[in-house]
Amino acid sequence: MAFKASIKTGKLKESLDAVGRLVDEIKLNITEEGLNTKAVDPANVAMALLTIPEDEFESYNYTEDMTIGIDLNRIDDILSLASNEDILKIETEEGSMMNIQVSGFEYNISLIDPSTIRKEPNIPDLELPAEIVLNGQRIQRAIKATEKISDYIVLSTEDNSLIITGEGDTDSVKIDLTEDDLIKIDSTENARSLFSLDYLSDMSKSIQKAPEVTMHLGTDYPIMFKFNIAGSNIEYLLAPRIESD
Amino acid sequence: MAFKASIKTGKLKESLDAVGRLVDEIKLNITEEGLNTKAVDPANVAMALLTIPEDEFESYNYTEDMTIGIDLNRIDDILSLASNEDILKIETEEGSMMNIQVSGFEYNISLIDPSTIRKEPNIPDLELPAEIVLNGQRIQRAIKATEKISDYIVLSTEDNSLIITGEGDTDSVKIDLTEDDLIKIDSTENARSLFSLDYLSDMSKSIQKAPEVTMHLGTDYPIMFKFNIAGSNIEYLLAPRIESD
Amino acid sequence: MAFKASIKTGKLKESLDAVGRLVDEIKLNITEEGLNTKAVDPANVAMALLTIPEDEFESYNYTEDMTIGIDLNRIDDILSLASNEDILKIETEEGSMMNIQVSGFEYNISLIDPSTIRKEPNIPDLELPAEIVLNGQRIQRAIKATEKISDYIVLSTEDNSLIITGEGDTDSVKIDLTEDDLIKIDSTENARSLFSLDYLSDMSKSIQKAPEVTMHLGTDYPIMFKFNIAGSNIEYLLAPRIESD
């Protein structure tokens, strides 16, 4: 039984790109509700969850649950040839080829055996005391500013502000986002965690596209970003680094 | 006796670029009807013919036939400084210097001894059963799409369609251009030849600029592209590769 | 006693860039009249003088003369994050840190000990017989055109024209700027000097931004360029090279 669907090229591209920032190969689950994937980076530090809901598709002919293995670079190469508004048709069977038709081109792409792809991670059950909602570009700009100074970033909450700091050997940067700069901040206790900028910098390329991003932050706990781009739900989870004195 | 002429910079640039995609040095023939050159690439696989008709020049003071040797990179370097609408004046004598005046600059460029440049090829007399006229951008897009999958491309005609396919180790692409997608197709018998994408990819940078390109195609025969850009007539000839099974 | 000032980011960036084309580190003098620096390149061939007058600042709280050492790459990195219209606040003390606040970011940047920076040059007292005023883009275009042919450029005056020439092994270029092309030319005697294009090419990136540039030229003497960009006064001085026959 084959799965058939059609979707705007740009929508599929932006959604897959969000995961592609962390991994090259994914196990894509085809369900009645839409497509979803969970991916963890090789170092086990960052995790991405993506759901493209069924109603974001132009057509969606689901027959049964299946899981296919995809090389994201290969797909991205092909999607980059079509324009974002072009409707792309997919047809695929479990463990087989994927047929992609777009803009008059018909591709037959071999899939990857899902059993060879890194196992889907367990999503940890986290209770994070601080929830901050803010514009994605603000996050990206703070990450860029901190990168000029350091390889690490400290995110903390204090008196209903989000404080972002970076310290290099001699130089430092501090960004103080108060309630006026944020869409919402709800912090039951002060939180403070330190993260590697390597991962955050990659993640911020997708984060910056979302007008509203929800951050969940704790003290020496993973950070979680939840947002929506191109109709898809994306979650990033990033483990903290230990602060050395 | 010197040859003197003036022409819009952009016109000369685009015309010479079409040949420059295959070779670095050309023998340029100055005749009563205009400038022309024939060039074959070092591997003898691809050939370019260019004619810039006399009436595409702003002024054209011809006195006698002559042949000069030109380093296209040198000329392109200079042309890139002027804007496309600027009128460029050339003055040259056989086997001597070329004087170029444009936008207030006066260059004296040494020519190459034409006898040191690769001999002009004989143009084979080909009878190719299929003639297809189509938009140059369509050709370029098909070449780009095939490059994602393979190093080779198969061009064939079938039932008044042009079929373009590429096969990689595991993946494939097929583009089916029917009469609706083509300006004209006239195929007395089905044709099918395989070509290296290396050359076609270079050629397509000029081909894509022409709204109408005439392709002549046979079975395991060279392909010929004829088109006009910036008022110049260009022909590309590309030898087929043998299909391995 | 700290120095505090605020200025448009773009104004500071463009002014410092003019010096940054020659050196990476500068001694910046803070005076009642504004900021100034003099820098000489490591080979002692080119010199840059910059003054940002006090009235180009939005606010300028001067208390005493001081000199600070700045790594221009570090500052440029930070300025590139803010938009040109953003107001940037500086606060600094001699031999200490610099605090920079812009667009909601607060940086603390360590300064360089001024005594470790290359000594400020003496500005030679030159009497140059030719003064030419012209558009900066014209200078840059002539430099670009000459670079295609040679590593050296000859600037000379003759009959109230500025003649720019370059000679390669086989090729040459000549640009003849007459009184019509110049804003002013005042040449008491013919001047002629040869310069390395390496330095002029770097300098021309700032020179091209000035609608009016004053050149002072002699025979086998340094050339001086004086111009104003973003409200700052800039002078470049470049030593001549010896013409080999």
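Computed from a prediction, not measured in an experiment: that's the story for all the values here.

In this section: the overall build of chain A. Along its length, chain A carries four helices and 18 strands. Since a compact globule built from 245 residues should have a radius of gyration of about 18 Å, the 19 Å found for chain A is in line with a globular shape. Across its three principal directions, the C-alpha atoms of chain A cover 55 × 35 × 30 Å. Counting every position in chain A, which comprises 245 residues, the buried fraction comes to 51%. Within chain A, residue pairs in contact and separated by at least 24 positions form 68% of the contacts whose partners lie at least 6 positions apart. Total accessible area computed for chain A in this model is approximately 11,300 Å², and 39% of it derives from carbon and sulfur atoms. Taken as two groups, the 22 positive and 47 negative side-chain charges of chain A have centres that lie 4 Å from each other.

All names here are of chain C. Residues of helix 2 (residues 72–79) that are buried include every one of Leu72, Ile75, Ile78 and Leu79, and no others. All buried residues of helix 2 lie within an arc of 130° about the axis, which places them on one face of the element. Buried residues along helix 2 sit in contact with helix 1 (9–20), strand 2 (25–31), strand 6 (66–71), strand 7 (87–92), strand 8 (97–102) and strand 9 (105–110). Residue aspartate 71 occupies the N-cap position of helix 2, its side-chain oxygen lying 3.1 Å from the main-chain nitrogen of asparagine 73.

Our focus in this paragraph is the side chain of threonine 146 of chain C. With respect to the helices and strands, threonine 146 of chain C occurs in helix 3 (residues 136–147). Apart from the residues lying within four places of it in its own chain, the contact partners of threonine 146 of chain C are Tyr152, Ile153, Ile164, Thr165, Gly166, Val173, Ile175 and Leu197 of chain C.

Let us now look at the relation of the copies chain C and chain B. Expressed as a screw operation, the relation of chain C to chain B combines 0.0 Å of axial shift with a rotation of 120°, fitting to an RMSD of 0.0 Å. Between the two chains, the operation in question is that of a three-fold axis. Relative to the rotation axis, the closest C-alpha in chain C is found at serine 80 of chain C, a distance of 17 Å.

Bringing helix 3 (residues 136–147) of chain A into the picture now. An α-helical turn contains 3.6 residues, so any two residues separated by three or four positions project in the same direction. Residues and elements named next belong to chain A. A rise of 1.5 Å per residue sets the reference length of helix 3, with its twelve residues, at 16 Å; its end C-alpha atoms lie 17 Å apart and thus fit the reference within 8%. Among all positions in helix 3, only Gly136, Ile139, Gln140, Ala142, Ile143, Ala145 and Thr146 are buried. Measuring from the side-chain oxygen of the N-cap residue of helix 3 to the backbone nitrogen of glutamine 137 gives 2.8 Å; that N-cap residue is asparagine 135.

This next bit is on the environment of glutamate 94 of chain C. All names here are of chain C. Within the secondary structure layout, glutamate 94 lies in the loop between strand 7 and strand 8. Note on glutamate 94: relative accessible area 48%, which makes it partly exposed. Each C-alpha atom of the pair glutamate 94 and isoleucine 229 lies 27 Å from the other, and the pair is 135 residues apart in sequence. The residues contacting glutamate 94, other than those within four sequence positions of it, are Asp65, Met66, Thr67 and Ile68. At 3.3 Å, the side chain of glutamate 94 forms a polar contact with the backbone nitrogen of threonine 67.

Now for the domain arrangement of chain A. Residue and element names in this part refer to chain A. Split by domain assignment, chain A resolves into domain 1 (3–116) and domain 2 (130–238). On a C-alpha basis, the centroid separation for the pair domain 1 and domain 2 is 28 Å. Between domain 1 and domain 2, the contact holds 19 residues from the first and 16 residues from the second. For the pair domain 1 and domain 2, the summed buried area comes to about 1,500 Å², and 53% of that belongs to carbon and sulfur atoms. Counting every contact that joins domain 1 to domain 2 gives one salt bridge. Linking domain 1 with domain 2 are seven residue pairs in polar contact (both at pLDDT 80 or more), by the criterion used here. Breaking the side of domain 1 that touches domain 2 down by element, the ones donating at least two residues are helix 1 (9–20) and strand 4 (46–53). It is strand 4 that contributes the most residues to the side of domain 1 that touches domain 2, eight residues altogether. Looking at the side of domain 1 that touches domain 2 residue by residue, the classes come out as eleven nonpolar, two polar and six charged.

All names here are of chain A. As for its placement among the helices and strands, serine 15 is situated in helix 1. We classify serine 15 as buried; its relative accessible area is 0%. Apart from residues no more than four positions distant in its own chain, serine 15 is found in contact with Leu50, Ile52, Ile229, Ala230 and Ser232.

Cross-referencing UniProt, the feature "domain: Proliferating cell nuclear antigen PCNA N-terminal" (unreviewed entry) maps to residues 9–96 of chain A in the present numbering. Note that residues 9–96 of chain A is 23% helix and 42% strand, and that its end C-alpha atoms are spaced 22 Å apart.

This part is about the interface of chain B and chain A. Taken together, the contact between chain B and chain A spans 13 residues of the former and 13 residues of the latter. Summing the contributions of chain B and of chain A, the shared interface buries around 1,100 Å²; its carbon and sulfur component is 48%. Taken as a group, Arg141, Lys148 and Asp171 of chain B account for 47% of the area that chain B buries against chain A, more than any other trio of residues on that side. Its salt-bridge partner being lysine 148 of chain B, residue aspartate 77 of chain A comes within 3.6 Å of it at the nearest N-O pair. Where chain B meets chain A, there are five residue pairs in polar contact (both at pLDDT 80 or more). Mapped by element, the contributors of at least two residues to the side of chain B that touches chain A are helix 3 (136–147) and strand 13 (172–177) of chain B. Tallying contributions element by element places strand 13 of chain B first for the side of chain B that touches chain A, with five residues. For the side of chain B that touches chain A, the class distribution of residues is five nonpolar, two polar and six charged. Across four bridges, the pairing between strand 9 (residues 105–110) of chain A and strand 13 of chain B is antiparallel. Bridging across to strand 13 of chain B, glutamate 106 of chain A finds its partner in lysine 174 of chain B.

All right, on to the interface of chain C and chain B then. Counting residues at the interface gives 13 residues for chain C, matched by 13 residues for chain B. Buried surface at the junction of chain C and chain B, summed over both partners, amounts to about 1,200 Å²; 48% is from carbon and sulfur atoms. The largest contributions to the chain C side of the interface with chain B come from Arg141, Lys148 and Asp171 of chain C, which together make up 48% of the buried area. Counting the contacts that link chain C with chain B gives two salt bridges. Residue aspartate 171 of chain C is joined to arginine 74 of chain B by a salt bridge in which the shortest nitrogen-to-oxygen separation is 2.5 Å. With five residues, strand 13 (residues 172–177) of chain C is the single largest residue contributor to the side of chain C that touches chain B. A class-by-class count of the residues in the side of chain C that touches chain B yields five nonpolar, two polar and six charged.

Attention now goes to a negative patch on the surface. Residues Glu32, Glu33, Glu54, Asp55, Glu64, Asp65 and Glu94 of chain A make up a contiguous surface patch of negative charge. Along the polypeptide, aspartate 65 of chain A turns up in the loop between strand 5 (59–61) and strand 6 (66–71).

Cut-offs and rules
Residues numbered from 1 in each chain as written. Chains lettered and ligands numbered in written order. Predicted model: local features only at pLDDT ≥ 70, side-chain atom pairs only at ≥ 80, totals over all residues. Heavy atoms only, no water. Helix = DSSP H or I, 4+ residues; strand = E, 2+ residues; numbered from the N terminus. Rg over C-alpha atoms; globule rule 2.2 N^0.38 Å. Buried < 20%, exposed > 50% of the residue type's maximum accessible area, 1.4 Å probe, protein only. Contact = heavy atoms within 4.5 Å. Areas by Shrake-Rupley, 256 points an atom, 1.4 Å probe, with all protein chains shown as cover. Lys, Arg positive; Asp, Glu negative; His and termini not counted. Charge placed at Lys NZ, Arg CZ, Asp CG, Glu CD. Arc of directions from axis to C-beta. Polar contact = N/O pair within 3.5 Å; in protein donor to acceptor, adjacent residues only side chain to side chain. Least-squares fit on C-alpha atoms with pLDDT ≥ 70 in both. Expected span 1.5 Å × (residues − 1). Domains from an automatic or database assignment. Buried area = accessible area lost by both parts, 1.4 Å probe. Salt bridge = Lys/Arg side-chain N within 4 Å of Asp/Glu carboxyl O. Nonpolar A, V, L, I, M, F, W, Y, C, P; charged D, E, K, R; others polar. UniProt positions renumbered as here; feature names shortened; annotations may be inferred. Pairing = 2+ DSSP bridges. Patch = residues over 30% accessible without salt bridge, like charges linked within 9 Å, V, L, I, M, F, W, Y side chains within 5 Å.

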